[in-house]
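# What the coordinates show
Single-letter residue listing:
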Amino acid sequence: MPADPPQGLRPETLAVSHGYDPAMGMGAVKPPIFMTSTFVYPSAQAAKDVHEAFFEGTGPAVGATNHIYARLGHPGLDMLEARLAAIDGAEAAAAFCSGMAAHSTIALAHVRPGDSVLHGRPIYGGVDMLYNRFLPQFGAHAVAYLDGTDDAGVRSAAEAALAKGPLALIIAESPANPTAAIVDLALMVRIADEVGSRTGRRPLVVVDNTLLGPFAQRPIEHDVDLCMTSLTKYCGGHSDLLAGGITGAKTLVDPLRQLRTTLGNHLDPHTSWLLMRSLESVHVRTERAMSNARAVADYLRDHPKVAGVTYLGHLAEGSRQRAVYDRQCKAAGSTFSFHLHGGEDEAFRMLDCLRLMKMAVSLGGSETLICHSASTTHYAVAPEQRLAGGITDGTIRLSVGIEHVDDLIADLGQALDAV
Ligand SMILES: *Cc1c(COP(=O)(O)O)cnc(C)c1O
């Protein structure tokens with residue numbers, strides 16, 4: 001459920017300074033970094049009270065001046081989490097030391113032996129490993145749907161999951177990595193509600209919003225339960241940090257913060273500060289990256305050596321995917337894939353000729369990054385599952401940055417000439 005925006009302000013405004021009051025930092029316009037692992041108790045009774053607050057949920061709230069030890073929480077986390085929640089339009093947020101730390105914490109909080117999980121395919125490789133290799137060791141099951149806009153297909157995958165055990169989570173990575181395949185969030189919420197009223201246990205709908213980021217898609221407004229974002233990508237935006245965020249209702253986020261204390265996967269003070277700095281400009285960076293991406297995607301679509309482009313802005317008018325996109329997304333993002341005619345040989349030849357674009361995994365940085373999906377990000381995914389998810393041996397993922405678009409197109413052009 002969306003929360004009212006603080007002071008009625010828009011996300012772009014909240015991104016700049018929400019969560020920090022200069023009175024907290026001796027008047028400094030920007031927040032200080034509290035590089036400390038532990039916090040002084042003002043008195044023995046205050047120490048007892050603050051522990052009671054943390055463990056029993058009673059007494060004075062933990063946070064602000066009531067910190068205990070940085071793994072449990074610290075001022076940088078409080079500020080960052082207030083800002084993340086405000087930007088996403090959510091009641092609460094929790095920040096973790098990576099996107100995968102956020103995903104694993106959700107999994108360990110909600111999935112029990114015998115439970116099942118429903119997710120889309122393709123999906124981020126790390127999430128695939130989590131649900132298909134790691135959690136099955138504890139007796140959990142995962143079932144995938146292939147088209148997240150196909151009502152009948154998703155429902156039959158949900159039935160297959162329920163046949164294996166109670167459905168704990170519905171994971172929707174939308175758009176999905178690397179093909180930008182879209183998932184209908186309203187459909188996921190409907191299915192969760194139906195499963196809940198039928199079985200007495202309603203699965204949580206978890207959306208991975210990493211590929212579009214908070215300014216191009218606002219999952220909490222679509223009534224999903226938890227919105228997960230790898231802050232490493234667009235929010236960090238400079239390929240120089242790792243972090244993950246989860247937003248949602250306080251009743252769902254608080255237990256994840258508690259579990260974070262046990263798992264020890266909180267975000268440290270320095271990275272929390274770096275992220276607050278990055279969040280100030282994420283909307284401006286994504287706007288520029290998205291306008292570049294449109295031009296690059298149009299160029300690739302018309303290139304004779306390119307077999308197809310999976311750019312969201314190209315979804316056919318009148319298609320089911322386009323209807324979901326129009327309902328759910330504010331913009332098309334700047335990460336997509338294109339498929340070369342041919343396979344690995346052609347892809348490798350092209351990649352090795354690039355001069356400006358950097359060949360690396362990850363996305364959402366200021367620089368353009370490019371990589372061959374099958375041999376890198378999706379290396380560990382079985383070939384038939386890769387193909388089912390639309391990843392061929394000629395598929396190349398592109399995360400378009402904020403450079404001058406003419407330089408980007410010239411670089412792609414000379415590399416494609418060499419294929
Ligand atoms: C990168 C990514 C993750 C994992 O985030 P890390 O910060 O690298 O741990 C999860 N989901 C998607 C869609 C991603 O692109």
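The structure presented is a predicted model; accordingly, all values stated were derived computationally and were not measured.

Moving on, we get to the overall build of the chain. Counting secondary structure elements, the chain contains 14 helices and 12 strands. Relative to its length of 419 residues, the chain is compact, with a C-alpha radius of gyration of 22 Å against a globular reference of 22 Å. Taken along its principal axes, the extent of the C-alpha atoms in the chain is 75 × 55 × 35 Å. The buried share of the chain, taken over its 419 residues, is 54%. Considering only contacts in the chain between residues 6 or more positions apart, those separated by 24 or more positions represent 73%. For the chain, the exposed surface amounts to about 17200 Å²; the carbon and sulfur share of it is 56%. For the chain, the distance from the average site of its 34 positive side-chain charges to the average site of its 45 negative ones is 1 Å.

The next subject is the site of the ligand. Gly99, Met100, Asp208, Thr232 and Lys233 are the nearest of the 14 residues found near the ligand. A distance of 3.5 Å separates an oxygen atom of the ligand from a polar atom in the side chain of Asn177. Considered on its own, the ligand offers 380 Å² of accessible surface; in the complex 95% of this is hidden by protein. The class makeup of the residues in the shell around the ligand is five nonpolar, six polar and three charged.

This part is about helix α7 (residues 185-199). End to end, α7 covers 21 Å across 15 residues, agreeing with the expected 21 Å (1.5 Å per residue, within 8%). The complete set of buried residues in α7 reads Leu185, Leu187, Met188, Val189, Ile191, Ala192, Val195 and Gly196. Structurally, α7 contributes buried residues whose contacts are with β3 (141-145), α6 (151-164), β4 (167-173), β5 (204-208) and α11 (320-328). Taking the backbone nitrogen of Ala186 as reference, a side-chain oxygen 3.1 Å away marks Asp184 as the first, capping residue of α7.

Before going further, it helps to spend a moment on the domain arrangement of the chain. Split into domains, the chain comes out as domain 1 (73-261) and domain 2 (282-416). Contact residues are listed per partner, giving 36 residues for domain 1 and 41 residues for domain 2. Roughly 3200 Å² is buried in total at the junction of domain 1 and domain 2, and carbon and sulfur atoms are behind 58% of that figure. Interface area lost by domain 1 to domain 2 is led by Pro178, Ile182 and Tyr234, which between them contribute 21%. Where Asp184 meets Arg327, a salt bridge forms, and the shortest distance between an N and an O atom there is 3.0 Å. On inspection of domain 1 and its partner domain 2, the count reaches 19 residue pairs in polar contact (both at pLDDT 80 or more). Ranked by residues supplied to the side of domain 1 that touches domain 2, first place goes to helix α5 (residues 125-134) with four residues. Here the residues of the side of domain 1 that touches domain 2 sort into 16 nonpolar, 12 polar and eight charged.

Definitions and limits used
Residues numbered from 1 in each chain as written. Predicted model: local features only at pLDDT ≥ 70, side-chain atom pairs only at ≥ 80, totals over all residues. Heavy atoms only, no water. Helix = DSSP H or I, 4+ residues; strand = E, 2+ residues; numbered from the N terminus. Rg over C-alpha atoms; globule rule 2.2 N^0.38 Å. Buried < 20%, exposed > 50% of the residue type's maximum accessible area, 1.4 Å probe, protein only. Contact = heavy atoms within 4.5 Å. Areas by Shrake-Rupley, 256 points an atom, 1.4 Å probe, with all protein chains shown as cover. Lys, Arg positive; Asp, Glu negative; His and termini not counted. Charge placed at Lys NZ, Arg CZ, Asp CG, Glu CD. Near = heavy atom within 4 Å. Polar contact = N/O pair within 3.5 Å; in protein donor to acceptor, adjacent residues only side chain to side chain. Nonpolar A, V, L, I, M, F, W, Y, C, P; charged D, E, K, R; others polar. Expected span 1.5 Å × (residues − 1). Domains from an automatic or database assignment. Buried area = accessible area lost by both parts, 1.4 Å probe. Salt bridge = Lys/Arg side-chain N within 4 Å of Asp/Glu carboxyl O.

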